[in-house]
Amino acid sequence: GPRMTARTALMLAAALALAGCRHREITSLERKEAANVASEGEFAVAMHDWGRAEGLYAKAAALCPDQGDLWIDLGAVRMRLHDSGGARAAYKSALSAFEDDAKRDPTDTLSALRRASVLVILGRPEKARSVIEDARSRNPDDRRIRAFVEEKGLEKMMADPALKEISP
């Protein structure tokens with residue numbers, strides 16, 4: 001109902017406010033709390049309680065805005081709630097979290113793969129391709145990125161119905 005929408009808007013405002021001060025230090029206590037809240041969110045997802053899951057993931061992502069996976073979970077749940085605008089915002093936050101990871105450690109090819117998957121979800125396959133190509137040229141000896149390219153990982157992602165399901 002309308003209350004859910006107001007709560008979503010409130011959560012989004014809180015998340016955006018926190019994203020603005022993304023570079024504050026996140027305490028280990030906050031990390032532990034976020035992990036607990038996220039596992040409650042996973043339980044809510046298992047129970048198909050999307051509204052509860054959305055609130056929990058939003059809280060976890062607000063506690064640890066640098067964890068892209070939390071934003072992805074939030075985006076996926078928002079798609080279940082038919083909130084594509086909220087989902088898109090969450091995926092964009094995931095993208096910038098993974099970009100920050102890459103800046104901190106350019107040899108982290110996993111964050112490149114995660115960025116690429118979020119870009120595919122956001123309907124930007126060409127940008128995803130350039131992220132992969134860039135990661136590969138920077139880390140030519142990395143087995144993970146080489147295997148991903150050789151096994152046509154990007155094409156598989158783009159064809160994956162599960163990914164289409166959570167795309168806004």
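Quick caveat: nothing in here was measured; it's all calculated off a predicted structure. Every chain is numbered independently, its residues counted from 1 as its sequence is written. Restriction of local features to residues with pLDDT of at least 70 applies here, the model being predicted, together with a cutoff of 80 or more for giving and counting side-chain atom pairs; totals for whole chains, interfaces and linings are based on all residues. In computing side-chain values, all of the structure's heavy atoms are included and hydrogens and water are not.

Caption draft 1: The arrangement of the overall build of the protein in detail. Labels follow the DSSP assignment, with helices taken as runs of H or I lasting at least four residues and strands as runs of E lasting at least two, numbered in each case from the N terminus. Counting secondary structure elements, the protein contains 10 helices and 0 strands. Each residue's exposure class comes from its accessible area (1.4 Å probe, protein chains only) as a fraction of the maximum for that residue type: buried when under 20%, exposed when over 50%, partly exposed otherwise. When the 168 residues of the protein are sorted by exposure, 42% land in the buried category.

Caption draft 2: Region of interest: helix 6 (residues 109-121). Between the first and last residue of a helix there are one fewer steps than residues, each counted as 1.5 Å, and that sum is the expected span. Between its first and last C-alpha atoms helix 6 spans 19 Å; for 13 residues at 1.5 Å apiece the expected length is 18 Å, and the two agree. When you tally the buried positions in helix 6, you get 11 out of 13 residues, the bulk of the element. When we look at burial in helix 6, the residues that qualify are Thr109, Ser111, Ala112, Leu113, Arg115, Ala116, Ser117, Val118, Leu119, Val120 and Ile121. In what follows, residue pairs with any heavy atoms lying within 4.5 Å of each other are defined as contacts. On its buried face, helix 6 is in contact with helix 4 (68-80), helix 5 (84-104), helix 7 (125-138), helix 8 (143-150), helix 9 (153-159) and helix 10 (161-165). The opening residue of helix 6 is aspartate 108, an N-cap whose side-chain oxygen sits 3.2 Å from the backbone nitrogen of leucine 110. Backbone geometry just after helix 6 places glycine 123 at a positive phi near 75°. Polar contacts, as counted here, are pairs of nitrogen or oxygen atoms within 3.5 Å of one another; within protein the pair requires one atom able to donate a hydrogen and one able to accept it, and residues that are adjacent in sequence qualify only if both atoms are side-chain atoms.

Caption draft 3: A look at the environment of aspartate 105. Of note, aspartate 105 is situated in the loop between helix 5 and helix 6. A distance of 2.5 Å separates the side chain of aspartate 105 from the side chain of threonine 107, its partner in a polar contact.

Caption draft 4: View of the pattern of salt bridges. Salt bridges are identified by distance alone: a Lys or Arg side-chain nitrogen within 4 Å of an Asp or Glu carboxyl oxygen. Evaluation of the coordinates by the stated rule reveals 11 salt bridges. Between lysine 103 and aspartate 100 there is a salt bridge, and its shortest N-O distance comes to 3.7 Å. Placement of both lysine 103 and aspartate 100 in helix 5 is noted, with a separation of 3 residues, approximately one turn of the helix. Using a relative accessible area of 65% as the deciding quantity, one classes lysine 103 as exposed.

Caption draft 5: Representation of the environment of asparagine 139 within the structure. Take asparagine 139: it is sitting in the loop between helix 7 and helix 8. According to the relative accessible area criterion, asparagine 139 is buried, its value standing at 10%. When the C-alpha positions of asparagine 139 and threonine 109 are compared, they lie 7.8 Å apart, and in sequence the two are 30 residues distant. A polar atom in the side chain of asparagine 139 sits 2.9 Å from the backbone oxygen of alanine 135.

Caption draft 6: Broad picture of the layout of surface pockets. If you add up the space inside the largest pocket, you get close to 180 Å³. Lining of the largest pocket is provided by Val45, Trp50, Tyr57, Ile72, Asp73, Ala76, Val77, Met79, Arg80, Glu165 and Ile166. When residues of the lining of the largest pocket are traced back to their parent elements, those giving at least two are helix 3 (50-63) and helix 4. Residue contributions to the lining of the largest pocket peak at 6 residues, all from helix 4. Across the lining of the largest pocket, the residue classes tally to 8 nonpolar, no polar and 3 charged. A cavity, in this analysis, means grid points on a 1 Å lattice covering only the protein atoms where a 1.4 Å probe fits yet has no way out; a pocket is instead an open set bounded by protein on both sides within 12 Å along at least five of seven lines, and a residue lines either one if it has an atom within 4 Å of a point. Grid points are joined across faces, edges and corners, and a volume is the space filled by probe spheres set on the points. Size it by volume and the second largest pocket reaches roughly 160 Å³. As for the second largest pocket, its lining consists of Arg129, Ile132, Glu133, Arg136, Phe148, Val149, Lys152, Gly153, Leu154 and Glu155. Sorting the residues of the lining of the second largest pocket by element identifies helix 7, helix 8 and helix 9 as the ones contributing at least two each. Within the lining of the second largest pocket, the residues separate by chemical class into 4 nonpolar, 1 polar and 5 charged. Lys, Arg, Asp and Glu make up the charged group, whereas Ala, Val, Leu, Ile, Met, Phe, Trp, Tyr, Cys and Pro make up the nonpolar group; the residues left over, Gly among them, are polar.

Caption draft 7: Focus on the environment of glutamate 165. Residue position: glutamate 165 is located in helix 10. By relative accessible area, glutamate 165 is classed as exposed at 53%. Considered as a pair, glutamate 165 and methionine 79 are 86 residues apart in the sequence and their alpha carbons are 8.0 Å apart. Apart from the residues lying within four places of it in its own chain, the contact partners of glutamate 165 are Met79 and Arg80.

Everything listed here is a matter of geometry and, on its own, says nothing about what the molecule does.
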